[in-house]
Amino acid sequence: MASGAGRVHRRQWLLWTGVGLMGSIIAFVFVVMAVVVIIAGPFIGSNGSGRSRVITNGDGIPPEYLPMIVDAAANAGCGEVTPAVLAAQLHQESGFNPTAQSGVGAMGIAQFMPGTWALHGHGDVWNPADAIPAAARYDCAVAASVASVPGDAQENMLAAYNAGPGAVLAYAGLPPYPETRNYVRTILARAQVYGDSVATGAPVSAAAVAPVVAFMRSQLGKAYVWGATGPDTWDCSSLVQAAYAQIGVSLPRVTVDQMRAGPVVSGVDPQPGDLLFIPGADGTPAAPGHVGMYVGDGRVIAAKGARWGVVESDLSDWASIVAVTRPLAGP
């Protein structure tokens, strides 16, 4: 039998062995956590879609609503709804006024119509704690309803919220309604202020693109012939190719390749020189058959077809835009 002193020493040895083992385990856990943070660091604060999940500038947002907005966006169930976009939308709808009521019956901070609240709301429409999460869930439902539409999913969601999913589906993207386009533009601009980064494409100076636009204007009235490459007759893609050749920028020859050459930018606020792509009679949203150039002041120039030739038209006539590219914005 071990002596009392031996038993004490044995207990002390076991104790210190256990402490040492526990310390090793804790150190190992910390190392693993550090590795995870290093690997996952770029995704913290993101839903994996590349969209910011935080509000970095809460100026103008009532502080009592900030945690509700962040939680609602996190639990909404889709990447299109970010905290900054949700906050910008609430600002646009009601100015964060939980008692707001419109002349047509929209209610509360998120301006729900009674029928929409009955389907998507829980609790009290006048209570921001109920209405803000409902607004985020409804946004995701709207986003899902237009998920098949090409283009920016966040823009399509906001356009569908304003004009209805049917309009976005019918036009295969942002409908040409000025109110809807302004709604989308305003919310995304404010979301940038709150913290979202919206890829609108690098701005291009008017001077840089001026020769391109001037060439397009100089071709107005010329005939359209499919496959023609100028100088007296054009088809849609050869015309924009020749226009950019004026400043030494080489574009692919056909419409589909021109769209893929990019870079693709947001179509909410086109800049002069941007190329607008629509399916056309011989194309699809994924492989558009027609291209024109935005030349400013809400106008587009394109070699429209054999019946029209090279014409200038209003941007609203280009109702089914599936992509916008900005060749001078870089890769």
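That block above? That's the structure.
Calculation criteria
- Residues numbered from 1 in each chain as written.
- Predicted model: local features only at pLDDT ≥ 70, side-chain atom pairs only at ≥ 80, totals over all residues.
- Heavy atoms only, no water.
- Helix = DSSP H or I, 4+ residues; strand = E, 2+ residues; numbered from the N terminus.
- Buried < 20%, exposed > 50% of the residue type's maximum accessible area, 1.4 Å probe, protein only.
- Contact = heavy atoms within 4.5 Å.
- Areas by Shrake-Rupley, 256 points an atom, 1.4 Å probe, with all protein chains shown as cover.
- Pairing = 2+ DSSP bridges.
- Axes fitted to C-alpha atoms, helices over the stretch in contact; angles between N-to-C directions.
- Phe/Tyr/Trp six-rings, centres within 6.5 Å; stacked < 30°, edge-to-face > 60°.
- Core = buried A, V, L, I, M, F, W, Y, C linked by side-chain atoms within 4.5 Å.
- Salt bridge = Lys/Arg side-chain N within 4 Å of Asp/Glu carboxyl O.
- Left-handed = near helix turned anticlockwise from the far one by under 90°.

**A closer look at the overall build of the protein chain**
Helix and strand counts for the protein chain stand at 11 helices and seven strands. Out of the 331 residues in the protein chain, the part that is buried amounts to 43%. The long-range share in the protein chain, meaning contacts at least 24 apart out of those at least 6 apart in sequence, stands at 54%. As displayed, the protein chain offers around 16200 Å² of accessible surface, 61% of which is attributable to carbon and sulfur atoms.

**Topic: the sheet that holds strand β4 (residues 290-296)**
Strand order in this open sheet of five strands is β6-β5-β4-β3-β7, and the pairing throughout is antiparallel. Each edge of the sheet is formed by a strand with only one pairing partner; in this case those strands are β6 (309-314) and β7 (323-325). Mean inter-strand twist for the sheet, computed between neighbouring axes without regard to direction, equals 30°. This element, helix α9 (residues 206-218), spans β4, β5 (299-305) and β6 of the sheet and lies at about 115° to β4. Contacts from helix α10 (residues 236-245) reach β3 (275-278), β4, β5 and β6, with the element oriented near 45° to β4.

**So, the pairing of β6**
Both β5 and β6 contribute to a ladder of six bridges, which runs antiparallel. Bridging from a neighbouring strand, V300 pairs with S313 of β6. In this antiparallel pair of consecutive strands, β5 and β6, the connection spans three residues.

**Some thoughts on the packing of aromatic side chains**
A complete count under the given rule lists six aromatic pairs for this structure. A ring pair is formed by Y161 and Y183, whose centres lie 6.3 Å apart and whose planes are at 5°; its orientation type is stacked. In this pair, Y161 sits in helix α6 (residues 153-163) while Y183 sits in helix α8 (residues 178-194), placing the two residues 22 residues apart along the sequence. Comparing Y161 with Y183 shows no difference in burial state: the two are buried. Ring geometry for F215 against W234: centres 5.9 Å apart, planes inclined by 85°, an arrangement best described as edge-to-face.

**Some thoughts on the environment of V311**
On the secondary structure map, V311 appears in strand β6. Judged by relative accessible area, which is 24%, V311 ranks as partly exposed. Dropping the residues within four chain positions of it, V311 is found in contact with L220, V300, I301, A302 and K304.

**Quick word on the nonpolar core**
Formed by 47 residues in total, the largest nonpolar core has its most connected members in I69, V81 and L86. Among the secondary structure elements, those contributing two or more residues to this core are α2 (66-75), α3 (83-94), α5 (128-145), α6 and α8. A total of nine residues in this core trace back to one element, the largest contributor, which is α5. V209, A243, F277 and I301 belong to the second largest nonpolar core, which has 27 residues in total.

**Here we look at the pattern of salt bridges**
Counted according to the given criterion, the structure contains five salt bridges. D274 is paired through a salt bridge with R326; the nearest N and O atoms lie 2.8 Å apart. With D274 in the loop between α11 (255-261) and β3 and R326 in the segment after β7, this pair connects stretches of sequence that are 52 residues apart. Exposure remark for D274: the relative accessible area of 0% places this residue in the buried category.

**Brief notes about the pairing of β3**
Going residue by residue along β3, you find L275 and F277 tucked away on one face and L276 and I278 tucked away on the opposite face as well. When β3 meets β4, the two strands line up antiparallel, connected through four bridges. Opposite I278, over in β4, you have H290 as the bridge partner. Inspection of the sheet shows β3 paired to β7 by three bridges, in the antiparallel sense. Bridging from a neighbouring strand, L275 pairs with T325 of β7.

**What about the packing of α2 against α5?**
Geometry of a packed helix pair, given as the angle between the helix axes and the separation of the axes. As a packed pair, α2 and α5 sit with axes 8 Å apart at the nearest point and diverge in direction by 35°. α5 is crossed by α2, and the crossing has right-handed handedness. The residues of α5 that touch α2, namely those facing M68, I69, A72 and A73, are P128, A129, I132, P133 and A136.

**What about unusual backbone geometry?**
With an omega of 5°, the peptide bond running from G230 to P231 counts as cis. Counting through the fold element by element, P231 comes out in the loop between β1 (223-224) and β2 (233-234). For F96, which is not a glycine, the phi torsion comes out positive at approximately 65°. Classification of F96 as buried rests on a relative accessible area of 6%. Look at A172: it is not a glycine, yet its phi comes out positive at around 55°. Along the chain, A172 falls in the loop between α7 (165-171) and α8.

Treat this as a map of the structure, not an account of what it does.
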